[in-house]
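So you can see what is in the structure, the chains are spelled out below.
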Amino acid sequence: MQRRLIKRPNTYYDSVTLMRISSEAKRVPGVSQVAVVMVTEMNRAILADTGFDPAEYADMGPNDLVIGLVAETEEALGAALIRVDELLNAVGQESGQAQEERVQTLEGALARMPEANLAIVSTPGAFAAREALKALKNGLHVMIFSDNVALEKEVALKQEAQRRGLLVMGPDCGTAIIHGVPLGFVNVVRRGTAGLVAASGTGLQEVAVLVHQLGAGISQAIGTGGRDLSDEVGGITMLQGIDLLEHDPGTERITLVSKPPAPATMQRLLERVRRMTKPCVVCFLGADEEVVAQARSAGLKMATTLEEAALLTVESPATPLPDATAEVAAAVATEAARYPQGKRPGAFVRGLFSGGTLCHEAYLTLQAMLPDVSSNLAQNARYKLENPNESRGHTLVDMGDDYFTQSRPHPMIDASYRLERIRKEAMDPETAVVLFDVVLGYGSNSDPGGAIAEEVARLRAELAAAGRYVAFIASVTGTEEDPQPRSEQVARLREAGVTILSTNYRAARAAGLLVETLKGVGA
Amino acid sequence: MSSTLLYRLLDQELKIINIGVPSFSETLTAVNAPHIHVHWAPPAGGNVEAVELLDRLEVHAETIQRANAEALARILAARPVAVDVQPARDVVPGMDGRILLHAGPPVTWERMCGPVRGAVIGAILFEGWATTHAEAEALAASGGVRLEPNHHHSAVGPMAGLTSPSMPVFVVENQEAGNRAYVNMNEGLGKVLRFGANSAEVLERLAWMRDVLGPALGAAIRAAGGVDLKSITARALQMGDECHNRNTAATSLFVRTLFPYLVKTAAPEQLAEVADFLGRNDHFYLNLSMAACKVAMDAARGIEGSSVVVAMARNGTEFGVQLSGTGDQWFTAPSPVIDALFFPGYGPEDAARDLGDSCITETAGIGGFAMAAAPAIVQFVGGSVGDALNFTKEMRNITLGEERTYGIPALDFAGAPTGIDARLVVDTGILPVINTGVAHKEPGVGQVGAGIVRAPMDCFVEGLRALEERLSQSDR
C-alpha cells in the first residue's frame, strides 16, 4: 500500500463538500482510502484511524486542508490526487443541474394552473379512475387514455361528469382534437367545420385524415372510449358530444363513428340523431344491414366504411380521392402479374394491424368477400383466433390488443413485434398477401413506415431467392402535415415494393380481390 | 342545466394537465398548447389494495378533514419553551426503578441493533446497575431492566436515544396546550453513547454532563425564565439550518441567548468547561429542536378520525409511525437503509439501518422538509441547491399546511410544510424525506456518515387501515 499526505494550509472548504469529494475520489481504481479533510479535532481522529501518523499534521488546524490518500500503486495515488483537485476546482461552478420543480400530483398542477380545464389521464388502468374522479371534482374535463378501467367505474365517472356538465372521453380513448389541440395519438389535420364523435381511436384518425385529404377540415373530434355505447354506459359521452357539437358554431356537420351500439343505446342514439339540427353522418362499422337500411329509409346518412363516412361528411370535396374501383383494380392487376409463373402461390391474406378499428374494418371487408376469415377481434367464436400468435387461413390480427401490449408499448410506438410477425407471415408458404396499416401522427413512432419498408425489402429479396412472391398491401393513415410527412412515408414504402392504397378499406379490398384472382392461377 | 355548463368548453382555451405518458406533453409543447406535465407515481407504490382503502376512507372524508384541521391548528399553535433541566427520574413520567428509554417503536433486546445494544450497556453501567460489560449485557438480556420507547414517556432522543433515570433532561413546555416533552443532552460527535459507544471516556462525559452541564444549564434557563425555542428555530432556518442535520446557527443562538444567565449562575471554573463544551458541538441544539417538535406533535395526539402523523421514529430494526386518530398504536416496517455520504474510511457496509427519534423534526415540518432552508447540506443527497428547494416543494404534496413562523427565504418566505397526512402519502406515493446521521453498525464506533432516507410506505398504509377500522366501528 502506498500512502501520501498532502497539506494545503489556509485552504477552507466546508465539511460536506469534502465528504462528497472524498467519496467520489475513492472511486478511482486502485484507491482504497481518501480523506480530504480540514484538520479539526474530529478529523484528526479520522486521519489517525486511516493510518496517518498524527505527527504528520500536528502543525495543521481547522483552517488547513489535508488530503490523505491510500492506494495500491503510486500511479493510483497520482490519479486520486488529480481527481481530488478536479473536484476541488469544480466547487462553486454551477452544475446546471438545478432541476425545475417536478409537479407530482394533480393538486400540485392545479396550484400552478388554477384555470386548467382538461386532464389527460394515462396512468395504469387500476389507478386511472381515481385520478379522473379527482379531475372531475376539480371541474376539469377528462380524457382517459388508460384501458383496463372497470366498467362500473366508467359508468360512475360518466354519471358524475354528466351531473357536473363535464366530458369524460374514454377510458381507452386514444385520440381527440379539441379547439385544434391534438390530444393523444392524433394526425395533423386542417381546422374546418366537420365535427366528429367517435368510439374508436384509429377509426376517428382515418376519418379525420380522409376529411383532410378531401380538402375539408375538423372543428372538434371527441373520443368516447370503446365501451361508451354499451347499454351499461348508455352512450353518455357520445350524447354529450352530439349536444356539444350541435351548439358549436364552428361545426356544420356531425359524424359519428363506432362499432354498432348495444340495442337500447342504438335506439337512443338514432332517436337523438333524428332530432339533430345539423346534418349528421352515422358510421356504425359492422351494423346489421337491416338496421342500416331502416335508418337510411328514415332519412339518415349511414356509412358502412370509414371512407364512406368521410365522403358523406365532405359532400363536395375540393380534392377528391381517386375512383375506388379503378384504384383497387389497378393495384390487383399490378400485384397479380408479379407472382412467378408455374408456381402455386399462397392462398391466404394475412393482416397485421396496429389500429384496432382499421383491423375491424378490414375484417368486415374481407369477411364479405372471402370464406372463413379469422381474427383475434372476431366476436363469433368460430372465427376467433384461439392463439393470437398463430394464424389460420385468412387471418387479421389486431396487434394493439391487450394480449400484445400488456408488457410492451403499443405497436404504433414499438414496431418490433409487428415486424417479427410480418416476417413470420411472409415466410409462411400459405400466405399470398400481407396486409397492414401504417398510422402516422403525434404519438406514433417517428418513422413508422421506415422500419417496415426495410423489412419488406429484405423479405422480398429472400422470397425471390426462394422462387416465391408475396404481395405487401397497405394504407397510410396520415397527412402531409404530420410529424412524419405522408408523402415521404408512402415513397419509402413504395420503393420497398409495398402497394399503397388511399384508404384502409381499399387496401383490404385489394387484398381480397387479389387472392380471389390468384385462385385461378394453377401450378 | 348541466349541458349549459358543458357548452362553456366551446368558449374556453384548453389548459391541460397531463397525468402520465410524457409524450402527450411533448405533443402539447410542439403545438404551443398551455399545459403542465404531472410526473405521476402510483399511489402507495402501486399497491391496489391501499388505493381501495383510500376509497373506503372517502366515506369518512368530512370527519377526517375536521379532525385533521384540528390537529394542524394545534401543531401550528404550539409554543415550545425550554423551562428547565432536571434528572430524568424526577420529571419524566413513569421513570421508576430500573428503566431505560430508547429510540423508535418498542423493540426487545433480542432484536435490538448493535448501536442500541451498546448504548443500553453503557446506560446500565452509567446507572451503576452493573459493573462490567458482561454483567450489563446479561442484565439487559435477562429482562432485569425495562426497555421502553422514549415516545411512551413524552420523550425523544437522537440515534439510540438512550435516556436513563439519572441523566439530565431538558424540560420543554408547550405554553399553548400546557403539555411537556423531555430530551437528553447532546454529547457531541465521535465516540458517544447515542451511537452505541460505552467506553470509560463516554461514561466520564455522561457523568460530567449529569454533575456539571445539566445543573448549570438548568440554573441558567430558570434564571432566564425559559428559552423560546420556536423563535430560535425560526431564526436558525433563515441562517442555513434545517434543525435536524444542521444545527450550527441554532446552537449559536441558543448559547448566545443563555450566556448572560450562565455567566451569572455558574461557578467560574464550571463556566469555562460548559462554554468549551458548547462551543465544540454544532449539534447541541438538535435535542432541543426535537423536544420542541415533540411537544407540538403531542398536542395533536388523540384526535379521533385524524390521519395526521404525530410520530415517526426508528429503533434501528424497525421504522414506526403513529397517527393522531389511532391512539398509541405503532405501525412499523423494517428500518430502511440510508442513502448516505460517508466519512473518509467508511462505506455502506459499515452502516446501521435508520435509527433514532430525530425524525420527529420531519414529522413537525422541519429537517428534510425544510431542506430549502439549508442548501449547505444538500450535498448529503448528492444534489444541487435546486434539489434542496425541490425537497421542500415535494413535501408540500403530503402536508396539510405551512408553519408560517418558519418562513424559508429561498422560497420567498413560504412556511415549512407541516402536518403530514397519511392519506396524502399513500395517495401520492410521495414518502416523507428525512435527513439523518448514519451510525456504525457495531456499537461504539460512532457516526460514519449522513444522508437522506424515506419513510417506508407500509407504515402509512397500515396506519390508515387501522384508522378506517376505528372509523367504521364508531359508525356502527
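Residues numbered from 1 in each chain as written. Chains lettered and ligands numbered in written order. Predicted model: local features only at pLDDT ≥ 70, side-chain atom pairs only at ≥ 80, totals over all residues.

## Describing the overall build of chain B
Alright, step 1. When helices and strands are counted, chain B shows 16 helices and 18 strands.
Alright, step 2. Taking 476 residues into account, the globule formula puts the C-alpha radius of gyration at 23 Å, and chain B, at 23 Å, falls close to it.
Alright, step 3. Across its three principal directions, the C-alpha atoms of chain B cover 80 × 45 × 45 Å.
Alright, step 4. Here chain B, with 476 residues, has 60% of them falling under the buried criterion. (Helix = DSSP H or I, 4+ residues; strand = E, 2+ residues; numbered from the N terminus. Rg over C-alpha atoms; globule rule 2.2 N^0.38 Å. Buried ≥ 20, exposed ≤ 12 C-beta atoms within 10 Å, placed from the backbone.)

## Points about the overall build of chain A
Alright, step 1. Within chain A, the secondary structure is distributed over 18 helices and 19 strands.
Alright, step 2. For 523 residues, the compact-globule formula gives about 24 Å, and the C-alpha radius of gyration of chain A, at 32 Å, lies well above that figure.
Alright, step 3. Taken across its 523 residues, chain A has 51% of its residues classed as buried.
Alright, step 4. Taking the intrachain contacts of chain A between residues at least 6 apart in sequence as the baseline, contacts between residues at least 24 apart amount to 71%. (Contact = placed C-beta atoms within 7 Å.)

## Some details on the domain arrangement of chain A
Alright, step 1. Here the domain parsing of chain A yields domain 1 (2-90), domain 2 (173-313) and domain 3 (324-519).
Alright, step 2. Each of domain 1 of chain A and domain 2 of chain A was reduced to a C-alpha centroid, and the two centroids are 72 Å apart. (Domains from an automatic or database assignment.)

## A word on the interface of chain B and chain A
Accessible area lost upon the coming together of the parts is a frequently used measure of interface size.
Alright, step 1. On the side of chain A, 64 residues touch chain B, which itself brings 54 residues to the contact.
Alright, step 2. Inspection of the sheet shows strand β4 (residues 118-121) of chain A paired to strand β1 (residues 16-19) of chain B by four bridges, in the parallel sense. Bridge pairing in β1 of chain B links I120 of chain A to N18 of chain B. (Pairing = 2+ DSSP bridges.)

## A short note on the domain arrangement of chain B
Alright, step 1. According to the domain assignment, chain B consists of domain 1 (2-33), domain 2 (48-75 + 301-475) and domain 3 (77-293).
Alright, step 2. On a C-alpha basis, the centres of domain 1 of chain B and domain 2 of chain B stand 35 Å from each other.

## Observations regarding the pairing of strand β18 (residues 447-454) of chain B
All names here are of chain B.
Alright, step 1. Within β18, seven of the eight residues are buried, leaving the element largely enclosed by the surrounding structure.
Alright, step 2. When strand β13 (residues 339-342) meets β18, the two strands line up antiparallel, connected through four bridges. Each bridged residue has a counterpart across the sheet, and for D339 the counterpart in β18 is I452.
Alright, step 3. In the sheet, strand β17 (residues 433-439) pairs with β18 via seven bridges, with the strands oriented antiparallel. Pairing of T436 across the sheet is with G451, part of β18.

## Some thoughts on the sheet that holds strand β6 (residues 168-169) of chain A
Alright, step 1. On the basis of which strands lie adjacent, the open sheet formed by five strands has the order β6(A)-β5(A)-β4(A)-β1(B)-β2(B) and parallel pairing. Two strands in the sheet have a free side with no partner beyond their single neighbour: β6 of chain A together with β2 (35-38) of chain B.
Alright, step 2. Contacting β4, β5 (141-144) and β6 of chain A together with β1 of chain B, helix α5 (residues 125-137) of chain A runs over the sheet at an angle of about 165° to β5 of chain A. (Axes fitted to C-alpha atoms, helices over the stretch in contact; angles between N-to-C directions.)

## Some remarks on the sheet that holds strand β14 (residues 355-356) of chain B
Backbone hydrogen bonds are what pair the strands of a sheet, in a parallel or an antiparallel way.
Residue and element names in this part refer to chain B.
Alright, step 1. Across the sheet, four strands lie side by side as β12-β11-β10-β14; this open sheet has antiparallel pairing. The strands lining the two open edges of the sheet, one partner per strand, are β12 (331-334) and β14.
Alright, step 2. Relative to β14, strand β10 (residues 309-315) runs antiparallel, the two being bridged by two bridges. Residue pairing in the sheet places N315 in a bridge with L355 of β14.

## Digging into the environment of G165 of chain A
Alright, step 1. Take G165 of chain A: it is sitting in the loop between α6 (151-164) and β6.
Alright, step 2. Separated by 29 residues in the primary sequence, G165 of chain A and L136 of chain A have C-alpha atoms spaced 9.7 Å apart.

## Here's the deal with the packing of helix α6 (residues 114-127) of chain B against helix α8 (residues 200-224) of chain B
All names here are of chain B.
Alright, step 1. The interhelical angle for the contact between α6 and α8, taken along N-to-C directions, is 55°, at an axis separation of 10 Å. Our classification of the angle between α6 and α8 gives oblique. Considering how the two elements wind past one another, α6 and α8 form a crossing that is right-handed. Of α8, the residues touching α6 (which contributes G122, L125 and F126) are V202, L203 and L206. (Parallel < 35°, antiparallel > 145°, perpendicular 65-115°, else oblique. Left-handed = near helix turned anticlockwise from the far one by under 90°.)

## Some words on the pairing of strand β8 (residues 180-183) of chain B
Residue and element names in this part refer to chain B.
Alright, step 1. Of the two faces of β8, the one lined by R180 and Y182 and the one lined by A181 and V183 are each fully buried.
Alright, step 2. Where strand β6 (residues 155-156) meets β8, two bridges bridge the pair, whose relative direction is parallel. Looking across to β8, one finds that V156 is bridged to V183.
Alright, step 3. Where strand β7 (residues 168-174) hands over to β8, the hairpin turn is made up of five residues, of which G178 adopts a positive phi near 90°.

## With respect to helix α1 (residues 15-25) of chain A
Alright, step 1. What α1 of chain A keeps buried is the set L18, M19, I21, S22, S23 and A25 of chain A.
Alright, step 2. Contact partners of the buried residues in α1 of chain A: β2 (31-38) and α3 (74-90) of chain A together with β13 of chain B.

## Observations concerning unusual backbone geometry
Apart from glycine, the bulk of residues carry a negative phi angle, and the bulk of peptide bonds sit in the trans form.
Alright, step 1. Residue P171 of chain A is bonded to the preceding G170 of chain A through a cis peptide linkage, with omega at 5°.
Alright, step 2. Of note, P171 of chain A is situated in the loop between β6 and β7 (175-178).
Alright, step 3. Even without glycine at this site, A44 of chain B takes up a positive phi of about 50°.
Alright, step 4. Note on placement: A44 of chain B falls in the loop between β2 and α3 (48-57).

## Here we look at the environment of G497 of chain A
Residue and element names in this part refer to chain A.
Alright, step 1. Looking at where G497 falls in the secondary structure, it is placed in the loop between α17 (486-495) and β19 (498-501).
Alright, step 2. Sequence separation of G497 and V91 is 406 residues, and the distance between their C-alpha atoms is 59 Å.
Alright, step 3. For G497, the residues in contact, after removing those within four places along its chain, are V456, A457, R460 and F472.

## Remarks on the confidence of the model for chain B
Alright, step 1. A residue-level look at chain B finds 99% of positions with pLDDT of 70 or above and a mean pLDDT of 94.
Alright, step 2. Here the predicted complex carries an ipTM of 0.83, next to a pTM of 0.80. (pLDDT = per-residue confidence, 0-100.)

## Focus on the packing of helix α9 (residues 229-237) of chain B against helix α12 (residues 284-299) of chain B
Residue and element names in this part refer to chain B.
Alright, step 1. Across the interface, α9 lies against α12 with an axial gap of 10 Å and an inter-helix angle of 120°. The way α9 lies across α12 gives a crossing that is left-handed. Residues L229, K230 and T233 of α9 form the contact with α12, whose participating residues are L288, S289 and A292.
Alright, step 2. Looking at the contact of α9 with α12 residue by residue, the classes come out as three nonpolar, two polar and one charged. (Nonpolar A, V, L, I, M, F, W, Y, C, P; charged D, E, K, R; others polar.)

## Examining the environment of S23 of chain A
Alright, step 1. Along the chain, the position of S23 of chain A falls in helix α1.
Alright, step 2. Residue S23 of chain A is classed as buried on the basis of its C-beta count, with 20 C-beta atoms lying within 10 Å.
Alright, step 3. Expressed as a C-alpha distance, the spacing of S23 of chain A and A35 of chain A, which sit 12 residues apart in the sequence, is 8.5 Å.
Alright, step 4. Apart from the residues within four sequence positions on either side, S23 of chain A is in contact with L341 and F342 of chain B.

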